[in-house]
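Summary of the model geometry
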Number of protein chains: 2
Amino acid sequence: MVGSVGNGLMDLGGREKAEPLPKEFDPKETVDSLPHSESNIVVGKEENGTSREIVLGRNVRTMCFEVKEPEADDEITGEREAYMAGVLARYRRSLVDRTKHHLGYPYNLDFDYGALIHLQHFSINNLGDPFIESNYGVHSRQFEVGVLDWFARLWGLEKNEYWGYITNCGTEGNLHGILVGREVFPNGILYASKESHYSVFKAARMYRMECVKVATLVSGEIDCTDFKAKLVQNKEKPAIININIGTTVKGAVDDLDLVIQTLEENGFKDRFYIHCDGALFGLMMPFVKRAPKVTFKKPIGSVSVSGHKFVGCPVPCGVLITRLTHINALSSNVEYLASRDATIMGSRNGHAPIFLWYTLNRKGYQGFQKEVQKCLRNAHYLKDRLKEAGIGSMLNELSSTVVFERPKDEDFVRQWQLACEGNIAHVVVMPNVTVEKLDYFLRELLEKRSHWYQEGKISPPCLAAEIGEDNCLCFLHSK
Amino acid sequence: MVGSVGNGLMDLGGREKAEPLPKEFDPKETVDSLPHSESNIVVGKEENGTSREIVLGRNVRTMCFEVKEPEADDEITGEREAYMAGVLARYRRSLVDRTKHHLGYPYNLDFDYGALIHLQHFSINNLGDPFIESNYGVHSRQFEVGVLDWFARLWGLEKNEYWGYITNCGTEGNLHGILVGREVFPNGILYASKESHYSVFKAARMYRMECVKVATLVSGEIDCTDFKAKLVQNKEKPAIININIGTTVKGAVDDLDLVIQTLEENGFKDRFYIHCDGALFGLMMPFVKRAPKVTFKKPIGSVSVSGHKFVGCPVPCGVLITRLTHINALSSNVEYLASRDATIMGSRNGHAPIFLWYTLNRKGYQGFQKEVQKCLRNAHYLKDRLKEAGIGSMLNELSSTVVFERPKDEDFVRQWQLACEGNIAHVVVMPNVTVEKLDYFLRELLEKRSHWYQEGKISPPCLAAEIGEDNCLCFLHSK
């Protein structure tokens, strides 16, 4: 078991559970006192003031590969090279295993970029603005702008109406969109549902913005009744809203039209800025026929999406598109770059645009549509099998995120790399997740679960609060 | 000539210079009206209210590679694959050329990562904290922590005293360091010399911090007399200071000891936070014997350095190290990641730590020391040759950035990818910049220059204001 966990290289020895840490999580403490623990349990604070144990991952300190100063005769003996080659080969093997057992994150691991291998050793950097060539010539802006045009078209903006760039990750897209919102409405209040990505609340703190958390429905969508109540309390200040096009945990899609309606009916017409966090579903939704459209034809300010998720890039990246009119206020020219500074980061990975360009060209709208359909089909398959087996589970419409009862064993969670929160876990069905992989997972889950619950002698927890009574299959709600 | 510019793929036709744009730079305007311009000239505003033309790079719109929807029969004909392979092959050829002619940016393009090629197709992501394993198993934290330990040791912090992570670029390091400073002193004022990297001023704006620009000496170093004057005006608020370990344009190293002394003598003892922006020289200085030491034994709060510069990673990255005591205030636990959120970005490129680990292991302290010596030697060689040829130039002690008269021809600037500001340009001598490459550059420069100045009939500009009278070789100062 231990061998299949983590990097597959280290026997971590003891299997004892870590002691709960004191309230203030102190990683130094962890380093010193918990060198062999499999995971760290800390105490998280709920909004209502109660506290709850949450499980953090293992302390990496115990398994890191030290950098060692070469010996004087290393070049002659070749020992150093051999040592490094050995570490890398074992690491590669562990990556194969870890990639095979991956289910919890919305990363499409099904890609073949063999055609790009000869570009990997160039130091490609798109520092500065995508549309203005910097003096550094080893860049890939030609690909980047092609990719941005494609996304702008997808979301309903003309070439001369948009500005955007390829980011490092979903967080950078959110940081940028919310910053643009703040520059448009400097005294605006940031509204975001409590199930928004943590980067949204980080942005509020970084940018010193007033932030109001809005309640959610059981599905995970923003609760517009609560939203209205909170808007009415803050009528004097403009609203900056983060809309989730797929929440992180439940894959719930906020109702953009209802949010706009709520704003306009409550005196916020022309006094709001909407950022759409489409990290995952931003690229899936356009291909689902019955889905409400995310488009700049509606009064939104920016949309972001991740490139390493549904698209399947092997490096973290994302796309941010906003209205060109918004960006002039934000940017300043940087002479020594011979470019403009309107991005959050300075140096920007120039390989990511090539990966994206390559995939978009190969798959096209039609290719993505087929993959989205496959993901939704397989997600339904998983949810149906779970329900058949008596396991409470939920699948939002428009979503490929299947939420279900949290497995009771942290090793199993780690083995399958499931993302967990409280009593629930989720599997995000990406194009690389086949029915065979799901069957393999289900077999293991059902086998283990019969031990956890002693073949039905112990009853599983009630999940009504997390996934609703209709989806819960606990003793009470399965009747 | 055109063939060697940019991506080498497009003949841009007309060679006419762009008309100066109106004061407010409007990229939309550029897109519509300047499709064939080689560069954009905009008007920048100086601090004293005067304005000055600055040259921006070419508009990328004119040469981008469109993403096209595949035809229905593409898979059968193979035309799409052939088209893409053609674009990529030509692009690769242009990268070879652009890499060969690169002098202006501090990127070490001398690396061989062949041993890592088999890892390139894994989606390696270190999302969350480096020290706490997230549930996503395809990561490289084992390498990341090894690299961080190495840097912490270099800068004088023990394993249990530091926190840090591998960033996406120098900007992320500065954004993080300054954010930590602001969290330590929420009402602190940010001080930075006017030659600091633009990301420092961007941070002030993002974080809504009061920011005071400090004057510089001719060398580019912070002027501590002016610093003192500005401190004294703001005695009531703590100070957060950005120190440049190598300014971007002149490669000047701020005098850390004098800055600390100025703070302590003016009533700021225990009321300041210093972030050291060591994007380039942060890793070179430790290997220069006579250089003042950047170390956490002195009262500094954080240091950042870039990984794609001196170290020579093929992807933009950097390292940020801070004191562990500072980070607890900043971070919060993110349950669904099973990790902690103390980084600026969420998803983080997992390939970068492996590149760094590989290079540090191969080169070690001794290897870096040799390379630093070579860079300093070659930088002196370049400066001496320029002076011999009657070209005003400057090389700061401890620096491999040679500043000199700006070439009069933008094509030449672009060809050699020089970074320019006002009347000056610079070459940053990195390990991949050999004497042969410098000689090639010098030959071209001298040949062109004799045309620009009509073999001495026109006199070159005076650079005394930029590089000092001693280094200027204009008609007046060469006597």
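Residues numbered from 1 in each chain as written. Chains lettered and ligands numbered in written order. Predicted model: local features only at pLDDT ≥ 70, side-chain atom pairs only at ≥ 80, totals over all residues. Heavy atoms only, no water.

A few points about the sheet that holds strand β3 (residues 162–167) of chain B
All names here are of chain B. Read across the open sheet, the seven strands follow the order β3-β9-β8-β7-β6-β4-β5; overall the sheet is mixed. At either margin of the open sheet sits one strand with a lone partner, and together these are β3 and β5 (211–214). Each adjacent strand pair in this sheet contributes to an overall mean axis angle of 15°, direction not counted. Looking at chain direction, strand β8 (residues 302–306) and strand β9 (residues 318–323) are connected through five bridges and run antiparallel. Bridge pairing in β9 places S306 opposite G318. Contacting β4 (189–193), β5 and β6 (239–244), helix α6 (residues 198–206) runs over the sheet at an angle of about 165° to β4. (Pairing = 2+ DSSP bridges. Helix = DSSP H or I, 4+ residues; strand = E, 2+ residues; numbered from the N terminus. Axes fitted to C-alpha atoms, helices over the stretch in contact; angles between N-to-C directions. Contact = heavy atoms within 4.5 Å.)

Details of the relation of the copies chain B and chain A
Turning chain B through 180° and shifting it by 0.0 Å along the axis lays it on chain A, with an RMSD of 0.0 Å. Here the symmetry operator amounts to a two-fold rotation axis. In terms of C-alpha distance to the rotation axis, chain B has Y207 of chain B as its closest residue, with the C-alpha 2.4 Å off the axis. Here 100% of the interface residues in chain B have copies in chain A that are interface residues too; the copies meet face to matching face. (Least-squares fit on C-alpha atoms with pLDDT ≥ 70 in both.)

Examining the environment of T322 of chain A
Residue and element names in this part refer to chain A. With respect to the secondary-structure elements, T322 resides in strand β9 (residues 318–323). Residue T322 is classed as buried on the basis of its relative accessible area of 0%. The spacing of T322 and A279 is 43 residues in sequence and 15 Å in space, taken between C-alpha atoms. Each residue touching T322, except ones within four places of it in the same chain, is listed here: L157, E161, Y162, W163, V180, Y273, F296, G301, S302 and I327. A polar atom in the side chain of T322 sits 2.8 Å from the backbone oxygen of G301. (Buried < 20%, exposed > 50% of the residue type's maximum accessible area, 1.4 Å probe, protein only. Polar contact = N/O pair within 3.5 Å; in protein donor to acceptor, adjacent residues only side chain to side chain.)

Observations regarding the confidence of the model for chain A
Confidence along chain A averages 84 in pLDDT terms, with 85% of residues attaining 70 or more. Note that residues 1–38 of chain A has pLDDT below 50 and, in this model, 80 contacts with residues that lie over four places away or in other chains. (pLDDT = per-residue confidence, 0-100.)

Topic: helix α3 (residues 79–100) of chain A
Residues and elements named next belong to chain A. Taking 1.5 Å as the rise per residue, α3 with 22 residues should run 32 Å; its terminal C-alpha atoms sit 32 Å apart, in good agreement. The set of residues buried in α3 consists of R80, M84, V87, L88, Y91, S94, L95, R98 and T99. All buried residues of α3 lie within an arc of 130° about the axis, which places them on one face of the element. Exposed residues on α3 whose side chains face more than 90 degrees from its buried face are E79, A82 and R93. (Expected span 1.5 Å × (residues − 1). Arc of directions from axis to C-beta.)

A few points about the pattern of salt bridges
Residues and elements named next belong to chain B. Inspection of the entire model under this criterion finds 38 salt bridges over all chains. Here E410 and R406 are joined by a salt bridge, their closest N and O atoms 3.3 Å apart. Taken as a pair, E410 and R406 share a single burial class, namely buried. (Salt bridge = Lys/Arg side-chain N within 4 Å of Asp/Glu carboxyl O.)

A closer look at the interface of chain B and chain A
You'll often see interface size given as the accessible area lost when the parts meet. Residue-level contacts link 141 residues of chain B with 141 residues of chain A. Buried area between chain B and chain A, both sides added, is near 12300 Å², and the carbon and sulfur share of it is 59%. Remark: the boundary between chain B and chain A carries six salt bridges. Note that D341 of chain B is salt-bridged to K202 of chain A, the shortest N-O span being 2.9 Å. At the junction of chain B with chain A, the criterion picks out 35 residue pairs in polar contact (both at pLDDT 80 or more). In terms of residues, the side of chain B that touches chain A owes the most to one element, helix α3 (residues 79–100) of chain B, which gives 12 residues. Grouping the constituent residues of the side of chain B that touches chain A by class yields 70 nonpolar, 38 polar and 33 charged. (Buried area = accessible area lost by both parts, 1.4 Å probe. Nonpolar A, V, L, I, M, F, W, Y, C, P; charged D, E, K, R; others polar.)

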